[in-house]
Amino acid sequence: MKVFLTGGSGYVGRPTVRALVRHGHEVSALARSDAAASVLTGLGARPVPGGLTDTDVLRAAAAEADGVIHLGQHYGPDTAEVDRAAADALQDGLGDRGTYVHTGGVWVYGDTEGVVGEDAPQRPPAITAWRRANEERVLSRGGNPVLVMPGLVYGHGGGLAETFFVAPGREEGSVPLIGDGANHWAVVHADDIAELYALALQAPPKSVYAGVSGQNVPLAEIVTALTHAAGCPDQVTRLTYAEASERMGPIAEAFALDQRLTPARARRELGWTPRHLDVLTELRG
């Protein structure tokens, strides 16, 4: 199968390209720079020069593919508009020839009441409130749209935990903790979510999958593990929510969510089997 994806040189994109190649697909991917193109070539993908705002490029690349995965995200005040236009172009180009896999995120569920699945009510924090309208638009169109909603992605020394917790810990000798850390994070390893993206190309139309491992870990335990990764074992700085918001910005609200989700649907329908099930050991480095 010929698969085109956006965001292929990014944190989740790189393992996704590897998974697609391992599944025997012929992969092409959007590359907004020479550096990105070099990364993609090294992974076995054919670079397609352009960015997420180049809708003509997206439409043409999707028209040559049998399946599309949209992983890329534009950051700025126009995030929602760029994502919507990119999705429209990709779906227009692909038509009904194959599956279009769109990226969401489980933060849209807000605080969950117990362990929930994809049909739970949504109460998104401000930082992801824009997603729902775009996702409904994607799923309402013809063809074979599928939505994958990753949890907090970790692994390979990268991701949001590295940026907002480990890196400050290295600089300051103490890792930040929001509140008492009793809230849970629904997590997934980068290699596992990559495998889910590859499997989602075979999903029934309009399917929605929570890309979580089933490990719903208290933030306090995650932060303790991250202190080891940062080289400052057991050194934690407790922040109030207001302090965390001032320090981290709007994403602090998402980090403070209490979320517990199940991957049961993806396991049942796609045979997805997350293999990284010792998050705390892996986070310690």
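Our structure is the block above this text.
About the thresholds
- Along each chain, residues carry numbers from 1 onward, in the same order as the chain's sequence is written.
- This being a predicted model, a pLDDT of at least 70 is required before a residue's local features are given, and a value of 80 or more before pairs of side-chain atoms are given or counted; all residues contribute to the totals for chains, interfaces and linings.
- Hydrogens are left out, water is left out, and the side-chain values use all remaining heavy atoms of the structure.
- Only protein chains enter the calculation, and the probe is 1.4 Å; a residue is then buried if its accessible area is under 20% of its type maximum, exposed if over 50%, and partly exposed in between.
- Each helix is a run of DSSP H or I of at least 4 residues and each strand a run of E of at least 2, with the numbering of both proceeding from the N terminus.
- Only centres within 6.5 Å qualify two rings of Phe, Tyr or Trp (six-membered ring in Trp) as a pair; their planes then separate them into stacked at under 30 degrees, edge-to-face at over 60, and tilted for everything else.
- Strands pair, by our definition, only if DSSP identifies at least two bridges between them.
- As a rule, the C-alpha atoms of each element are fitted with a line to give its axis, helices using only the stretch in contact, and angles between N-to-C directions run from 0 to 180 degrees.
- Contacts are assigned to residue pairs with any non-hydrogen atoms lying within 4.5 Å of each other.

What to know about helix 7 (residues 190–200)
Okay, so step 1: Within helix 7, 9 of the 11 residues are buried, which leaves it mostly tucked inside the rest of the structure.
Okay, so step 2: Of all the positions in helix 7, only Ala 190, Asp 192, Ile 193, Ala 194, Leu 196, Tyr 197, Ala 198, Leu 199 and Ala 200 are classed as buried.

Let's talk about the packing of aromatic side chains
One pair of aromatic rings is described through two measures. These are the centre distance and the angle between the planes.
Okay, so step 1: Within this structure, the stated rule accounts for 5 aromatic pairs.
Okay, so step 2: Ring plane angle 90° and centroid distance 6.0 Å describe the contact between Trp 107 and Phe 255, whose orientation is recorded as edge-to-face. Of this pair, Trp 107 sits in the loop between strand 5 (99–103) and helix 5 (131–140) while Phe 255 sits in helix 10 (residues 251–255), and the two are 148 residues apart along the sequence. Neither Trp 107 nor Phe 255 differs from the other in exposure class; each is buried.
Okay, so step 3: Pairing Phe 165 with Trp 185 gives two aromatic rings, centres 5.6 Å apart and planes at 75°, and the pair type is edge-to-face. Separated by 20 residues along the polypeptide, Phe 165 in helix 6 (residues 160–172) and Trp 185 in strand 9 (residues 184–189) bring together distant segments of the chain. Take Phe 165 and Trp 185: they sit in the same class, and that class is buried.

Section: the pairing of strand 9
Okay, so step 1: Taking burial as the measure, the 6 residues of strand 9 include 6 buried ones, the bulk of the element.
Okay, so step 2: Of the two faces of strand 9, the one carrying His 184, Ala 186 and Val 188 and the one carrying Trp 185, Val 187 and His 189 are both buried.
Okay, so step 3: Direction of pairing for strand 7 (residues 152–154) relative to strand 9: parallel, over a ladder of 3 bridges. Bridge assignment links Val 153 to a residue of strand 9, and that residue is Val 188.
Okay, so step 4: The sheet contact formed by strand 9 and strand 11 (residues 216–218) spans 3 bridges and is antiparallel.

Things to note about the sheet that holds strand 9
Note: strands within a sheet are paired through backbone hydrogen bonds, in either parallel or antiparallel orientation.
Okay, so step 1: Spatial ordering of the open sheet is given by 7-9-11, a layout of 3 strands whose pairing is mixed. Bordering the open sheet on either side are strand 7 and strand 11, each of which pairs with just one other strand. The average angle at which neighbouring strand axes cross in this sheet is 50°, direction not considered.
Okay, so step 2: In this fold helix 7 packs onto strand 7 and strand 9, with an angle of close to 70° to the strand it touches most, strand 9.

Examining the sheet that holds strand 2 (residues 26–31)
Okay, so step 1: Strand order in the open sheet formed by 7 strands is 3-2-1-4-5-6-10, and the pairing between neighbours is parallel. The sheet terminates laterally at strand 3 (46–49) and strand 10 (208–211), the two strands that pair on one side only. Taken over all neighbouring pairs, the strand axes of this sheet differ in orientation by 20° on average, direction set aside.
Okay, so step 2: Bridge analysis of strand 4 (residues 67–70) against strand 5 gives 3 bridges, and the strand direction is parallel.

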